[in-house]
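# Coordinate inspection notes
One-letter residues, chain by chain:
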Amino acid sequence: MTTKFKNLINGKWQDSLTGESYENRNPANWNDVIGTFPLSSIEDVNLAVKSARIAFEKWRLVPAPARGEIMRKIGDLLSLRKEELAREMTREMGKVLAETRGDVQEGIDTAYYAASEGRRLFGNTVPSELPNKFAMAIRVPIGVAGIITPWNFPLAIPTWKMFPAILSGNTCVFKPAMDTPKTATTLVEIMMEAGLPDGVVNIVHGKGSVVGNTIVTHNDVDLISFTGSTLVGKQLSKDASETLKRVSLELGGKNAQIVMDDADLDLALEGVLWGAFGTTGQRCTATSRLILHEKIHDKFLEMLSIKTKNLKLGDGLLSTSDVGPIINEAQRKSVQKYVEIGIKEGANLICGGKIPNQKELQNGWFHEPTIFADVKPNMRIATEEIFGPVLSVLKCKSLEEGVNLLNNTIYGLSSSVYTKDVNKAFQAIRDIQAGITYINVPTIGAEAHMPFGGVKQTGNGHREGGWTVYDFFTEWKAIYIDYSGKLQRAQIDNY
Ligand code: UN1
């Protein structure tokens, strides 16, 4: 019997009003059905928003340190269930166990950070320009947050958004990706078990075009935090503008790693393998371009292609697997399309490029790790986000040229430079246009307590993570208290 999962609205697990549902299957073995999930309607979202709105009126009054206590409990429960959650996540979206364990750990780190922020949420006190007058600014919660998340970090990304939102005193309507509803459901169960009052978190499953769109355009939703493609982000931003809600967008990337001629090549090699093929290349922070200094180009490419051919594709639950499947059929088709485009554009396919033919991989959405060399800067495979295991290799003569190539993109999320020369490293840090720059570290591996986000068309200027995300989830209120007992006019009586 297939397990039937539900929405959570106002503390009650319930079917969608439509009664319709969809199946969620394992991408490494599509005969493995994880469960069915509701295909919810506009009306389901309306109920969830209403419940979040009502809950907000009480939740905003709970002291932030008390909200933080619940966050600590959530962190404890996630820690206790880390292994179970990691296995469930691998089954649901394919990445290998080491990575899904990391994903859960990122959620745990975010919970404990939020718990500690409950005793900070600092405001400012400043001197008033008038005597016997006091001035301060405090952070206040905003209201109902719409949380719309992708499948590639099915636990970490929802926690990046919901934990700071809730710690700050907001309530949430959460719409997870259709490919990862199970991990999202377990997360919400844990949040409720930790003691969140009914309605503080609500989960509504279903399509972006129905559930997502209703949240984004809803009059009673005050802010939206979205991670996904640039295409969807642009449309979402337009749709949300009608109600002037606050929107945080975390969108695409075309991240590059530069390897200079003085770099530790073995270290750079490990880095690019992890950056390009970790999560099967399906990260917004994935390394999708490699820029090699001409002096080490041929040697490094040779080392890289040997290692890449040795990567073992397989079910992420097996300890022998290095690289799991792609998330679904449409995404694998899109990767295949880009391989064809690369070949047509005249790039040199040096390894991979195919659907593997091993028997044990035939029921999953696997695709070989793929490398194109001799890629020119304006080819589509050098400029468009592929979101799969495809790496485009370019050549540079100097750091300046390498950085220019790296910056030659509409995106600006993550970036990496391998060099032993400290002067070059600082020059790169200064000139690279990206929200994140790593030196001698691959493009992936952001830590939960640091700002996360990108420049250019990767986002709209907000940051997740660390202390910076609290600027998004709170509003500033300026407060003046005059204890002089008379009318004092600022800018007038003091001059
Ligand atoms: C994403 O790619 O969508 O730095 C998020 C990293 C992870 C988060 C990635 N900690 O790659």
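Residue positions are given per chain, counting from 1 as you read along its sequence in written order. Per-residue local features of the predicted model are confined to residues with pLDDT of at least 70, and side-chain atom pairs are confined, for both listing and counting, to 80 or more; whole-chain, interface and lining totals are unaffected and use all residues. Each side-chain value is derived from all of the structure's non-hydrogen atoms; neither hydrogens nor water enter the calculation.

## Quick notes on the overall build of the chain
When its secondary structure is counted, the chain shows 15 helices and 19 strands. Values of the radius of gyration come from C-alpha atoms, whereas the globule rule sets the reference at 2.2 Å times the count of residues to the power 0.38. The C-alpha radius of gyration of the chain comes to 24 Å, within 12% of the 23 Å expected for a compact globule of 495 residues. In terms of its C-alpha atoms, the chain occupies a principal-axis envelope of roughly 80 × 65 × 40 Å. A burial count over the chain gives 56% of its 495 residues as buried. Contacts are assigned to residue pairs that have any heavy atoms within 4.5 Å of one another. Considering only residue pairs separated by 6 or more positions, the chain has 73% of its internal contacts joining residues 24 or more positions apart. In these tables, accessible area is a Shrake-Rupley quantity obtained with a 1.4 Å probe, and a residue counts as shielded only by the protein chains included in the view. With an accessible surface of roughly 20,700 Å², the chain has 53% of that area assigned to carbon and sulfur atoms. Strands are runs of DSSP state E lasting at least 2 residues, helices are runs of H or I lasting at least 4, and numbering of each runs from the N terminus. Exposed residues in this analysis have more than 50% of their type's maximum accessible area, buried residues have under 20%, and partly exposed residues fall in between, with area computed by a 1.4 Å probe over protein chains only.

## Here we look at the nonpolar core
The nonpolar core is taken to be a set of buried Ala, Val, Leu, Ile, Met, Phe, Trp, Tyr and Cys residues, with the residues joined through side-chain atoms within 4.5 Å. Formed by 52 residues in total, the largest nonpolar core has its most connected members in I74, L78, M162, F163, I166, M191 and L196. Broken down by element, this core gets its largest block of residues, 7 residues, from helix 4 (residues 97-117). Residues contacting L196, with those up to four places away along its chain left out, are W59, I70, I166, M191 and V201. Counting residues in hydrophobic clusters, the runner-up holds 28 residues, among them W365, L399, L405 and A434.

## Quick word on the domain arrangement of the chain
Domain parsing of the chain yields domain 1 (7-251 + 459-478) and domain 2 (255-439). Taken together, the contact pairs 22 residues of domain 1 with 26 residues of domain 2. Two parts placed together each lose some accessible area under a 1.4 Å probe, and adding up what both lose gives the buried area. Taken together, both faces of the contact between domain 1 and domain 2 bury some 2,100 Å²; the carbon and sulfur share is 62%. Looking only at domain 1, the three residues that lose the most surface to domain 2 are W30, E99 and W151, adding up to 27% of its buried area. Salt bridge, as applied in this entry: a Lys or Arg side-chain nitrogen positioned within 4 Å of an Asp or Glu carboxyl oxygen. Linking domain 1 with domain 2 are 1 salt bridge, by the criterion used here. Only Asp, Glu, Lys and Arg are considered charged in this grouping, and only Ala, Val, Leu, Ile, Met, Phe, Trp, Tyr, Cys and Pro are considered nonpolar; every other residue, Gly among them, is considered polar. Among the residues making up the side of domain 1 that touches domain 2, the classes are represented as 9 nonpolar, 6 polar and 7 charged. Bear in mind that the domain bounds are from an automatic or database domain assignment.

## Some details on the site of the ligand
Any residue with at least one heavy atom within 4 Å of a molecule or strand is counted as near it. Neighbouring the ligand are E106, N152, F153, I157, W160, R283, C284, T285, I444, G445, A446 and F452. The definition of a polar contact used here is a pair of N or O atoms within 3.5 Å, where within protein one atom must be able to donate a hydrogen and the other to accept one, and adjacent residues in sequence count solely through side-chain atom pairs. Here an oxygen atom of the ligand sits 2.8 Å away from a polar atom, N or O, in the side chain of T285. In this structure, an oxygen atom belonging to the ligand sits 2.9 Å away from a main-chain N or O atom of G445. Protein chains bury 98% of the 320 Å² of accessible surface belonging to the ligand in isolation. When grouped by side-chain class, the residues that make up the shell around the ligand number 7 nonpolar, 3 polar and 2 charged. Here the shell around the ligand spans two domains, since at least three of its residues come from each of domain 1 (7-251 + 459-478) and domain 2 (255-439).

## Observations concerning the pattern of salt bridges
Evaluation of the coordinates by the stated rule reveals 26 salt bridges. Across the salt bridge formed by E193 and R81, the nearest N and O atoms sit 4.0 Å from each other. Of this pair, E193 sits in helix 6 (residues 181-193) while R81 sits in the loop between helix 2 (64-80) and helix 3 (82-93), and the two are 112 residues apart along the sequence. Assessed through its relative accessible area of 22%, R81 is described here as partly exposed. Notably, a salt bridge pairs E88 with K182, separated by 3.0 Å at the nearest N-O pair. Pair noted here: E88 is in helix 3 and K182 is in helix 6, with a separation of 94 residues, a long-range link. By relative accessible area, E88 is classed as buried at 15%. A network of salt bridges, in which partner residues are shared, links R53, D220 and D222.

## A closer look at the sheet that holds strand 19 (residues 474-482)
Strand order in the open sheet made by the 3 strands is 5-6-19, with antiparallel pairing throughout. Looking at the sheet topology across the chains shown, the edges are occupied by strand 5 (124-127) and strand 19. In this sheet, neighbouring strand axes are inclined to one another by 20 degrees on average, regardless of whether the strands run parallel or antiparallel. When DSSP finds at least two bridges between two strands, those strands are taken to pair. With 4 bridges joining them, strand 5 and strand 6 (residues 133-141) adopt antiparallel strand pairing. Looking across to strand 6, one finds that N124 is bridged to A137. Between N-to-C directions, angles span 0 to 180 degrees; the directions come from axes that are lines fitted to C-alpha atoms, helices contributing only their stretch in contact.

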